[in-house]
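Structural description and commentary
Chain residues, written in single-letter form:
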Amino acid sequence: MLKIIIKDGENIERALKRYKRKHRNIKVMQNLRDAQFFTKPSVKRRRQIQKASYIQNLRDQEDI
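Residues numbered from 1 in each chain as written. Predicted model: local features only at pLDDT ≥ 70, side-chain atom pairs only at ≥ 80, totals over all residues. Heavy atoms only, no water.

In the nomenclature of an unreviewed UniProt entry, the protein is known as Small ribosomal subunit protein bS21 of Mariniflexile jejuense. The UniProt entry for the protein carries this comment under Sequence similarities (unreviewed entry): "Belongs to the bacterial ribosomal protein bS21 family." (UniProt positions renumbered as here; feature names shortened; annotations may be inferred.)

Structure representation (C-alpha cells):
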C-alpha cells in the first residue's frame, strides 16, 4: 500500500504528483495486468527478445 505523507503547507497538487510518480515507479497497474492471465515463460522470453531488438533498431536508426 502506498503512503504519501503530506507535509505542513504542502500543495495537494504536489502531493498528488508524488503519489502518481510512486505509483508508476512500483508498477502497480503493470503487475495487476500481468497477473490477470497466465503467460508461458517461453512467450515472456520471446516478447523480451522482440522488445530488445526493437529498441536496438531504434538506437541504430538514431546513429545513422
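So, next bit.
Turning next to a nonpolar patch on the surface. On the surface, a cluster of nonpolar side chains totalling about 290 Å² of accessible area is made up of Y54, I55 and L58. Positionally, I55 belongs in helix α3 (residues 41-63). You can call I55 partly exposed: its relative accessible area is 31%. (Patch = residues over 30% accessible without salt bridge, like charges linked within 9 Å, V, L, I, M, F, W, Y side chains within 5 Å. Areas by Shrake-Rupley, 256 points an atom, 1.4 Å probe, with all protein chains shown as cover. Salt bridge = Lys/Arg side-chain N within 4 Å of Asp/Glu carboxyl O. Helix = DSSP H or I, 4+ residues; strand = E, 2+ residues; numbered from the N terminus. Buried < 20%, exposed > 50% of the residue type's maximum accessible area, 1.4 Å probe, protein only.)

The tally for this structure, following the rule as stated, stands at one salt bridge. The partner of R18 in a salt bridge is E10, and the shortest N-O contact between them spans 3.2 Å. Residue classification places R18 among the partly exposed positions, given a relative accessible area of 24%. On the basis of relative accessibility, which here comes to 17%, the residue E10 falls in the buried class.

Structurally, I12 can be placed in helix α1 (residues 12-25). Between the C-alpha atoms of I12 and N25, which are 13 residues apart in sequence, the distance is 20 Å.

The next subject is the side chain of E10. Note on placement: E10 falls in the segment before α1. Separated by 3.0 Å, the side chain of E10 and the backbone nitrogen of K7 make a polar contact. A distance of 3.2 Å separates a polar atom in the side chain of E10 from a polar atom in the side chain of R18. In this view, E10 contacts I5, A15 and R18; residues no more than four positions away in its chain are not counted. (Polar contact = N/O pair within 3.5 Å; in protein donor to acceptor, adjacent residues only side chain to side chain. Contact = heavy atoms within 4.5 Å.)

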